Structure formats: C-alpha cells, structure tokens
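Spelled out from the first residue to the last, the chains are:
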Amino acid sequence: MSANAVSLYLDPQIRDWVLFPITLVMILVGFLRHYVVVLLQSPPKKLPRAAIREQRALARAQILRATAVHSPIPPQTYTSISNYLSDAFATGAYLKDGPPKGDGPSTAPNPMTDPAAMDGMMAGMKTQMVMMVPQMIIMEQTVKLPFPLTLGFKSMLQRGIETPDMDVRWVSSLSWYFLNFFGLNGLYRLVLGNDNSADSSQSMTASPFAGGATAAGPQDYAKLFKTEKDNLEFSEGLYNWVGKDVEDRVLRKYGKLAPAY
Amino acid sequence: MSLQSALEKLASYRTNNTRDSREVFRQGVFVLKSGKTSNLGDDGWAFLEQLTLASIDVGRLDVADQCLKQLGERFPDSPRVDVLNGIRMEATESPSTVLSYYDELMNMDPSNAAVWKRRISVLRRIGRVEKAVEELNEFLDTFYTDAEGWLELADIFASCNQYNFALQALAHVLLLTPQNPFAFLQYAETAYTAGDIPLALKMFLVVIDMNDREDEDTIPLGISVRAWWGIKLCTRQLIASTSSYTSLSNTAVPKNIKLIDELATERVLTAYSGEQGVQTRSLVSTWMSGR
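Under an unreviewed UniProt entry, chain B has the name ER membrane protein complex subunit 2 and belongs to Cyclocybe aegerita. UniProt annotates chain B under Function (unreviewed entry) with the comment "Part of the endoplasmic reticulum membrane protein complex (EMC) that enables the energy-independent insertion into endoplasmic reticulum membranes of newly synthesized membrane proteins." Recorded in UniProt under Sequence similarities (unreviewed entry), the annotation for chain B is "Belongs to the EMC2 family."

Per an unreviewed UniProt entry, chain A is named ER membrane protein complex subunit 3, and its organism is Cyclocybe aegerita. What UniProt records for chain A under Sequence similarities (unreviewed entry) is the sentence "Belongs to the EMC3 family." According to its UniProt record, chain A has this under Function (unreviewed entry): "The EMC seems to be required for efficient folding of proteins in the endoplasmic reticulum (ER)."

Structural data, given as structure tokens:
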C-alpha cells in the first residue's frame, strides 16, 4: 500500500448505519441483559437445618483451635470440648444424614446426582445463555480511527480481516464490537450501579460448572471431619491457658515482682 | 432538629447497635412525619425497621403498626418482616398465639435463626425454662457462633443456680469473643459464685492483664475496679482457708498469693483516692483491715 495515496474511501453511511448502531445496540443489550438476569436469578436456596449444622460443625473446631496457643478457657474445659468434638467427628454425629451405617466404600458425591447442586447449575446456565446470544449476530465492516497507531494494534483492531498491508488505523466492526464489549463497563456501572450484570466480559470467564463445583459444590464432610479430628489432636499439644502464669504477669506489670528477663 | 441531623443520628445508632429507644422514637417520628422515607432509598427500610422496634419499646404501637404496614407492602414474604410482626404480636397477643405464629414460621423454614431465637425468648418469658433450654441447646448446636445465644443460656442457668452449667456456656462465649474483657469478668464472677475461687482469681487477673491502659501510676477505672475487688475477695478467702482449697477445675492456688493480696488492697484503695472516692475510702479501709 503506498503511503501517500488515500488508502480506502469510507462511506459516511457506514459510520452512521454500522458503528453508531453497534455502540447503541451494545449499550441497550447491556441494559437488557442486566434486567433479564435480575428476572432469571433464582432466590438463594434455603438450606435445611441439618445441612447448616453439618456445614458449621467444622467452624466449631476451628474456633477452638484458633485460640489454642493462648486459650481463654481453663484446661479441663478445653479438653472436654476438644474430646467432645473429636468423638462427634469420629462417629459422624454432625453428618447431615446421621452417622454412617456400615463401612462401605465412601465415594465423593457426584455433583450430577445431587438435585440441590443441579438447581444451582441450572440457574448458572440460564444466565449464561443470555450472555451468548449477542455474540452471534455480528458482521464485518471497517472504520478509520482519527489517529495513527503502530502495527501491534493490528490484531486487536482488524480482527476478521486477513489483510497484512492495510493501515492499522482501520478497525473492523468485529473489533469495534469487542472494544465496546470491554469498554462499556464503566458506563454500565455509572447507570446501573456497582454490582450490575450487564458487563458480559466478566460472565464470559465464569462457567456455570466451574462456579458451582468449587465454591458451593457438595463436599465430602465425612472426610473433612476426619482431617479436623487430627487437627484437634495436634492443637491439644499446643494448648496453653492464658491464665496459667497470669498472676506473675500482673505482679510484674505493677512492679511487685522482678522482671523475668 | 433538622432532618439531616436526625437521619445521621439514626444511622449511627444502627451501625453501633444502640438501643436508645426513646431517642430513636423521638427522632424517628420526626422523620416519619416529614414524609421523606420513600426517597431515602434502601436506608429508608432499615430506618422503618429501627423505628418499629423503638416504638414497640416505648409502647407506641400505633406508630409501629404504621411502619409495619409500609414494610409489609414492600417486602411481602420477607422473613425479617415476619419477625418484626412477631415482636409486634408479643406486645399485645397472648404468648400461646405468638408461639403458634412462630411455630408456623419455623415449619415453613426450619433454619430461620431469628424466629427461632424469638421463640426461645417467649418460652423463657412464660416460664417454660426447661423447654427453652432444650431449644436453645439445639439452636446453639446448629448456630454455634451465636455468642448472644450462649450468653442467654448462661443467664438461664445462672437464674436456676446451675452455676457450673453456666460456666460451660460462658466458656463458649470466651472462645467466640476472646478479646472481650467483659466476657472474662462474667466468667470470673460466675466461677466465684459457683465456689471455684482459684479459677475465679485467675480469670479476674486475666481481666486486669488484658487492660493495656492501666499500670501502677493510674487510678483503676470502670471494669478494672470491679476486677480488683474480685481479686481482693478471692485472695481474702484463699488466705483465710489455710487448708488446700478444692477447685472443681483443678486450678492451683498461686504461690505468691500474699503478694497478689497486697497488690489488690493497694489497687482498690487507689480506686477510691479520687475526689469522688474520698467519702467511701474510710469505709473501704475499714473493710480491708477487718479479717
């Protein structure tokens, strides 16, 4: 391509009928998506009481362990709580379905078989579908930016046009779409508030499977309880009552005893 | 009183969890009368909830009903509004009606902690303490981290003279809020009442140890005065009973008990050295010298 000649003639109608509509449609689609997602969102599922109990049982042991090195409670109370929790974990008293009957091979629960997990996944899929639709209806046109750019922007701005010689200032409409796609987040935040669901770039990365399986997916509590039991035993070795030498500390603080060092 | 300052004050009450119902009611009615609640946004609903509770507290049920109506229209199925309705019912209805209302809510959602707690408080109020303790135990087995629940359990036990059970409940409060000297003070006083003097002494000393702001040159204030009095009471008993003191928790009596006793005497007397303490100081000294 020669440097001096005007490389391409851009019909102003392209600008009026392609670029502005793309931007406008992008913005409107963002708003629409936000409201559709709000409509589709299922309310957070309520956990049955037994499930909450199972989920929070680990926290009990963790709270006990957290202060074990300077524990606020006297030794006898500490050991009794610790033993109680160890026993409960060993027998599975905190498991949602009660203590295990026989000792069959314990398998990790499959997310597909748990109806509760399936519900969560469905909710994810529904919102995901809304995100995918607009990406399919995009055509290709070109626009010229009013400023020069280096060659490095070629892949960013001319997506879909395999012409190595074309000036980098030309932008394909597909690229324009993507620029809008990532760039409109600020506008959405301004109009819809901070936690809007209009921005599609975030939800693209979150798959309905990845989110459900790792964060809220079913966990093998029986196994977690076994580990926690070991942790409890370990903490019992570290246990130290905060009141053990407290009288010496107080006497030293008030200058009645010589400092220890 | 401007609308702005009233709203700011109410908002700070909400964040600090202050229950100054009379003041909240006074300011709240002013805001409500100005008719600006609808354009407060989300804060408006929190304000209505706050005003509802305050007006039930001061006995102005007409205002409470007015707020509840607005809240009920906006959030028809909200469990939070259900609880508010329950509290409003407690003010006028018979306990059995309220209990059956709460039972209905619990049947719909067995894991609603707020309703469960209200139910337990009603049970305790009408004297069904056994049932209340049973429910509270089950509640705490599920929602272990509810320190208020453990305190309530300790209070119920203490009111039935079951101080050792109260101590066990308080141990969980200590685990949950290990940074709160008032929890330690309550534990110490309960241990003292239960007769476990060595344990009480240790816990009183922990309260003193937790207080960074005071040393030998300052006058004990607030919680420390109470803790020093507690230490003095413990050391006095421990020194008086020459035989080895039996402790349920196997806590040993400190070796330098005499030194602690001296220090406690000194600190308590220092607490009464200020201008306000002068009159009572002689009384305290007489008590200190009397064995």
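Novice: Give me the overall build of chain B: which residues, what numbers.
Specialist: Assigned secondary structure in chain B consists of 15 helices and 0 strands. Within chain B, the proportion of its 291 residues that are buried is 47%. Accessible surface computed for chain B: about 14900 Å², of which carbon and sulfur atoms make up 51%.

Novice: With reference to specific residues and values, describe the interface of chain B and chain A.
Specialist: With 43 residues of chain B at the contact, the number on the chain A side is 33 residues. Each partner contributes to the roughly 3500 Å² buried at the junction of chain B and chain A, and carbon and sulfur atoms together form 64% of this total. Considering only the side of chain B, the residues that lose the most area to chain A are Asp141(B), Thr142(B) and Leu175(B), jointly responsible for 18% of the buried surface there. Here Arg249(A) ties to Asp209(B) by a salt bridge, and the two come within 2.8 Å at their closest N and O atoms. Inspection of the chain B/chain A interface yields 10 residue pairs in polar contact (both at pLDDT 80 or more). Of all the elements in the fold, those that place two or more residues in the side of chain B that touches chain A are α8 (129-142), α10 (163-176), α11 (181-194), α12 (197-210) and α14 (257-271) of chain B. Ranked by residue count, the leading element in the side of chain B that touches chain A is α12(B), at 7 residues. The residue makeup of the side of chain B that touches chain A, split by class, is 24 nonpolar, 9 polar and 10 charged.

Novice: Tell me about α12(B), and name the residues and values.
Specialist: All names here are of chain B. Its 14 residues place the ends of α12 20 Å apart at the C-alpha level, agreeing with the 20 Å of an ideal helix rising 1.5 Å per residue. Extensive coverage of α12 is indicated by the burial of 12 of its 14 residues. Taken together, the buried positions of α12 are occupied by Ile197, Pro198, Leu199, Ala200, Leu201, Lys202, Met203, Phe204, Leu205, Val206, Val207 and Ile208.

Novice: Got a sec to walk through the UniProt feature "repeat: TPR" (unreviewed entry) in chain B? Specific residues and values, please.
Specialist: Taking the numbering used here, the UniProt-annotated feature "repeat: TPR" (unreviewed entry) corresponds to residues 147-180 of chain B. Helix makes up 79% of residues 147-180 of chain B and strand 0%, and the two end C-alpha atoms of the span are 11 Å apart.

Novice: Requested: an account of the nonpolar core, with residues and values cited.
Specialist: Residue and element names in this part refer to chain B. Ranked by internal contacts, the top residues of the largest apolar core, which has 93 residues, are Trp228 and Ile231. With 10 residues, α12 is the largest single contributor of residues to this core. Among residues more than four places away in sequence, those in contact with Ile231 are Leu201, Phe204, Leu205, Ile208, Ile260 and Ala264. Grouped together as the second largest cluster of nonpolar side chains are 18 residues, Val29, Val31, Ala54 and Leu71 included.

Novice: With reference to specific residues and values, describe the environment of Arg281(B).
Specialist: Residue and element names in this part refer to chain B. Following the sequence through the fold, Arg281 ends up in helix α15 (residues 278-289). Along the backbone, Arg281 and Val268 are 13 residues apart, and their C-alpha atoms lie at a distance of 9.5 Å. If near-sequence neighbours (up to four positions away) are discounted, Arg281 is found in contact with Leu269, Tyr272 and Ser273. Looking at Arg281, its side chain comes within polar contact range of the main-chain oxygen of Leu269, at 3.0 Å.

Novice: Account for the pattern of salt bridges, with residues named and values stated.
Specialist: Residue and element names in this part refer to chain B. For the structure shown, the criterion picks out 25 salt bridges over all chains. Here Glu49 and Arg80 are joined by a salt bridge, their closest N and O atoms 2.7 Å apart. Here Arg80 lies in helix α5 (residues 79-92) and Glu49 lies in helix α3 (residues 42-58), a separation of 31 residues in the sequence. Arg80 sits in the exposed class, given a relative accessible area of 55%. Among the salt bridges present, the one from Lys131 reaches Glu135, with a minimum N-O distance of 3.6 Å. Here Lys131 pairs with Glu135, and both are found in helix α8, just 4 residues apart, close to one helical turn. Overall, the relative accessible area of 28% leaves Lys131 in the partly exposed class. For Glu135, a relative accessible area of 10% translates into the label buried.

Novice: So what about the environment of Leu175(B)? Which residues, and what values?
Specialist: Residue placement: Leu175(B) occurs in helix α10. Not counting chain neighbours up to four residues away, the residues in contact with Leu175(B) comprise Ile63(A), Leu64(A), Thr67(A), Pro72(A), Ile73(A), Ile81(A) and Tyr144(B).

Novice: Could you give me a rundown of the side chain of Thr265(B), with the residues and numbers involved?
Specialist: Residues and elements named next belong to chain B. Here Thr265 shows up in helix α14. Residue Thr265 is classed as buried on the basis of its relative accessible area of 18%. For Thr265, the side chain forms a polar contact with the side chain of Lys232, separated by 3.2 Å. Excluding residues that lie within four positions of it along the chain, Thr265 makes contacts with Lys232 and Met288.

Novice: Go over the packing of aromatic side chains, please, and point to the residues and values.
Specialist: Enumeration according to the criterion identifies 14 aromatic pairs over all chains in this entry. With a centroid separation of 5.4 Å and 85° between ring planes, the pair formed by Tyr254(A) and Trp228(B) is classed as edge-to-face. A residue pair is termed interchain when its members come from two chains, as with Tyr254(A) in the segment after α11 (246-253) and Trp228(B) in helix α13 (residues 223-240). When its relative accessible area of 4% is taken as the criterion, Tyr254(A) is described as buried. Centroid distance Tyr144(B) to Trp150(B): 5.7 Å. Interplanar angle 75°. Geometry classified as edge-to-face.

Novice: I'd like a rundown of a nonpolar patch on the surface, residues and numbers included.
Specialist: Taken together, the side chains of Val69(A), Phe234(A) and Leu238(A) make up a nonpolar region of the molecular surface, amounting to roughly 310 Å² of accessible area. Position of Phe234(A) among the secondary structure elements: in helix α10 (residues 221-238).

Novice: Describe the side chain of Arg60(A), and please don't skip the residues or the numbers.
Specialist: Secondary-structure assignment places Arg60(A) in helix α2 (residues 49-66). The buried category is assigned to Arg60(A), whose relative accessible area is 8%. Beyond its immediate stretch of four places on either side in the chain, Arg60(A) contacts Tyr84(A), Leu85(A), Tyr94(A), Leu140(B), Asp141(B) and Tyr144(B).

Novice: Would you mind going over the packing of helix α2 (residues 21-34) of chain B against α3(B) in detail, with residue names and values included?
Specialist: Residue and element names in this part refer to chain B. Taken N-terminus to C-terminus, the directions of α2 and α3 make an angle of 125°; their axes are 8 Å apart at the nearest point. By the angle between their axes, α2 is oblique relative to α3. Crossing of α2 against α3: the hand is left-handed. Contact with α2, carried on its side by Ser21, Arg22, Val24, Phe25, Gly28, Val29, Val31 and Leu32, involves Phe47, Leu48, Gln50, Leu51, Ala54, Ser55, Asp57 and Val58 of α3 and no other residues of that element. Looking at side-chain class alone, the contact of α2 with α3 contains 10 nonpolar, 4 polar and 2 charged residues.

What counts as what
- Residues numbered from 1 in each chain as written.
- Chains lettered and ligands numbered in written order.
- Predicted model: local features only at pLDDT ≥ 70, side-chain atom pairs only at ≥ 80, totals over all residues.
- Heavy atoms only, no water.
- UniProt positions renumbered as here; feature names shortened; annotations may be inferred.
- Helix = DSSP H or I, 4+ residues; strand = E, 2+ residues; numbered from the N terminus.
- Buried < 20%, exposed > 50% of the residue type's maximum accessible area, 1.4 Å probe, protein only.
- Areas by Shrake-Rupley, 256 points an atom, 1.4 Å probe, with all protein chains shown as cover.
- Contact = heavy atoms within 4.5 Å.
- Buried area = accessible area lost by both parts, 1.4 Å probe.
- Salt bridge = Lys/Arg side-chain N within 4 Å of Asp/Glu carboxyl O.
- Polar contact = N/O pair within 3.5 Å; in protein donor to acceptor, adjacent residues only side chain to side chain.
- Nonpolar A, V, L, I, M, F, W, Y, C, P; charged D, E, K, R; others polar.
- Expected span 1.5 Å × (residues − 1).
- Core = buried A, V, L, I, M, F, W, Y, C linked by side-chain atoms within 4.5 Å.
- Phe/Tyr/Trp six-rings, centres within 6.5 Å; stacked < 30°, edge-to-face > 60°.
- Patch = residues over 30% accessible without salt bridge, like charges linked within 9 Å, V, L, I, M, F, W, Y side chains within 5 Å.
- Axes fitted to C-alpha atoms, helices over the stretch in contact; angles between N-to-C directions.
- Parallel < 35°, antiparallel > 145°, perpendicular 65-115°, else oblique.
- Left-handed = near helix turned anticlockwise from the far one by under 90°.

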